[in-house]
Amino acid sequence: MQCDYYDAGVCRSCTLMGTAYAEQLRAKDARCRAALSSLAPQLDWLEPFASAESGFRNKAKLVVGGTAAHPTLGILDPCGRGVDLRDCGLYEPHLHDAIPHLADFVTAARLTPYDVPRRQGELKFLLVTASPTGALMVRIVLRSTAQLPQVRAALPALHAALPHLDVVTVNLHPEHKAVLEGETEIPLTEQTELRMPVADIVLHLGPRSFFQTNTAVAAGLYRQAQAWIDAAQPTSVLDLYCGVGGFALHTVAPGRHVTGIELSPDAITAARRSAADLLATRPDLGPLEFAAGDATAYALAHPAPDLVVVNPPRRGLDEELTDWLETTTVRDVVYSSCNVTTLARDIARMPSLLPRQARLFDMFPQTDHHEVMVWLRRKGSRP
């Protein structure tokens, strides 16, 4: 992939830009294999799941700089000035095509971009998510409600320019902090969730819902987990850190009890909506249920299932949770990780659970980031 922004030195976020994609994929796969080699020298590694080199990102986290008349949508330079990246080649086509209209919206609404060095202005970010159907969700991150009437007044014109704009919210982020969002979300559309078809399931994404940035590779991840879990033939599955329910919804089967646990109540609300849609068309599936709560606390307080799916943050699993997995009767674990270092650490803490198969999923081309998933089975269990 060639990038004018990278070549000009204005954006170096893609640290592997200019490296042939086949070499990127080979190096990531080799790194993940090496990290787990001492723990499981006979581990069966499947072929890496490759991504498109460009046009794969379903999310844009756009810092707004410049002025209302001439806004920049992209990042900030080291001095805090806006750098316009609206033609970034990583964005999915629907997302890429929407960004110029969002710039026009900033101008039409006369929204004042937040000047980081001076700590003045209102508009901080535009957070945009695109569904494979072309539907969009836009979150407008403001410091206060001072310019909210201007946002509302300009919204009809934005809808006219983007007919598939399904969800619009304003997020209030009053503090001068290097974080994307605040605690308050104000919906501006009747629809508050984005429908996101992934593999065989339609997920519902709320404004605060976490979802993988690469829809096609996420579909491959879910299908692989589904294949491993079907091969394991569990009657009970616990999906920890379940988010909006991607793994759980692809795991449920007739006679298989699946429970998803996630700390975010908003994510659980979205997962339950997706489950209701699925079960309405497939009443033979299930049971399938979701609950908001801490993953470790829930696991320690309930009987062990046949199989556990874990998809934790980069920090990996708590020691309490790895100890529970090691000492209970859980037969199989499917562990999806965005940090092979913490994955290796956690597997080392569970010597009774032997890695059987693993696969790299390249969610993030042009960078060193990776997603790797491993199927582990308890020592002594039948193949």
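Before reading further, recall that the structure is shown in the block above.
Residues numbered from 1 in each chain as written. Predicted model: local features only at pLDDT ≥ 70, side-chain atom pairs only at ≥ 80, totals over all residues. Heavy atoms only, no water.

## Considerations on the environment of Asp230
Convention followed: We count a stretch as a helix when DSSP gives it H or I for four or more residues in a row; a strand needs E for two or more, and each element gets its number in order from the N terminus. Exposed residues in this analysis have more than 50% of their type's maximum accessible area, buried residues have under 20%, and partly exposed residues fall in between, with area computed by a 1.4 Å probe over protein chains only.
The residue Asp230 is located in helix H5 (residues 215–232) in this model. Of the residues examined, Asp230 reaches a relative accessible area of 40% and is grouped as partly exposed.

## Looking at a negative patch on the surface
Going by this rule: Here a patch means residues that are over 30% exposed by relative accessible area and free of salt bridges, tied together within 9 Å if like-charged and within 5 Å if nonpolar (Val, Leu, Ile, Met, Phe, Trp, Tyr). Computed with the Shrake-Rupley method and a 1.4 Å probe, the accessible areas treat only the protein chains shown as cover for residues. For salt bridges, the criterion is a side-chain nitrogen of Lys or Arg within 4 Å of an Asp or Glu carboxyl oxygen. His residues and chain termini do not enter the charge count, which takes Lys and Arg as positive and Asp and Glu as negative. Lys charges are placed at NZ, Arg charges at CZ, Asp charges at CG and Glu charges at CD.
On the surface, Asp294, Asp318, Glu320 and Asp323 cluster together into a negatively charged patch. By the secondary structure assignment, Asp294 is in the loop between strand S13 (286–292) and helix H8 (295–301). In this structure Asp294 comes out as partly exposed when scored by relative accessible area, which is 38%.

## Focus: the sheet that holds strand S1 (residues 44–45)
This is how the line gets drawn: At least two bridges found by DSSP between two strands is the condition for calling them paired.
Spatially, the eight strands line up as an open sheet ordered S1-S16-S17-S15-S14-S11-S12-S13, and their pairing is mixed. Taken across any chain shown, the strands that pair with only one partner, and hence form the sheet edges, are S1 and S13. Two elements, S1 and strand S16 (residues 353–361), share two bridges in a ladder whose sense is parallel. Across the sheet, Trp45 pairs through a bridge with Ala358, a residue of S16.

## Remarks on the side chain of Thr215
For clarity, the threshold we go by: Whether two residues are in contact is decided by their heavy atoms, any of which lying within 4.5 Å being enough.
Structurally, Thr215 can be placed in helix H5. Leaving out residues up to four positions away in the same chain, Thr215 has contacts with Phe56, Asn58, Glu92, Pro132, Met196, Pro197 and Val198.

## What to know about the pattern of salt bridges
Under the criterion given, the structure shown has 20 salt bridges. Residues Glu23 and Arg26 are paired through a salt bridge, measuring 2.9 Å at the closest nitrogen-oxygen approach. Of this pair, Glu23 and Arg26 are both found in helix H2 (residues 21–37), three residues apart, which corresponds to roughly one turn of the helix. Measuring nitrogen to oxygen at the nearest pair gives 2.8 Å for the salt bridge that ties Asp29 to Arg33. Placement of both Asp29 and Arg33 in helix H2 is noted, with a separation of four residues, approximately one turn of the helix. One connected set of salt bridges, linked through shared partners, spans Arg139, Glu181, Glu185 and Arg208.

## Notes on the packing of aromatic side chains
Note the following rule: Note on aromatic pairs: the rings of Phe, Tyr and Trp (six-membered ring only in Trp) are paired at centre separations within 6.5 Å, and the planes decide the class, stacked below 30 degrees, edge-to-face beyond 60, tilted for the rest. Distance and angle both matter: a charge sits over a ring if NZ of Lys or CZ of Arg is within 6 Å of the ring centre and within 35 degrees of the ring normal.
All told, the structure shown has three aromatic pairs when counted by the stated rule. Centre to centre, the rings of Tyr222 and Phe247 are 5.0 Å apart; their planes meet at 90°, and the pair counts as edge-to-face. Remark: Phe247 occurs in helix H6 (residues 246–251) and Tyr222 occurs in helix H5; sequence separation between them is 25 residues. Assessed through its relative accessible area of 7%, Tyr222 is described here as buried. Since its relative accessible area comes to 4%, Phe247 is described here as buried. Directly above the aromatic system of Tyr6 lies the positively charged group of Arg12, at a separation of 4.2 Å from the ring centroid. When the ring centre of Trp375 is taken as origin, the NZ or CZ atom of Arg356, which lies over that ring, is 4.4 Å away.

## Considering the sheet that holds strand S4 (residues 82–84)
For clarity, the threshold we go by: Lines fitted to the C-alpha atoms define the axes, with helices restricted to the stretch that makes contact. Angles between their N-to-C directions range from 0 to 180 degrees.
With respect to topology, seven strands assemble into an open sheet ordered S4-S3-S2-S5-S6-S7-S8, the strand pairing being mixed. Every interior strand has two partners, whereas the edge strands, S4 and strand S8 (184–187), have only one. Across this sheet, the average inter-strand angle for adjacent strands is 40°, counted without regard to direction. Pairing of strand S6 (residues 136–142) with strand S7 (residues 165–172) involves seven bridges; the strand directions are parallel. Within S7, the position partnered with Met137 by the bridge is Val167. With respect to the sheet, helix H3 (residues 93–108) is in contact with strand S2 (59–66), strand S3 (71–76), strand S5 (123–130) and S6, its orientation differing from that of S5 by roughly 150°. Across the sheet, helix H4 (residues 148–161) touches S6, S7 and S8, and the angle it forms with S7 is around 165°.

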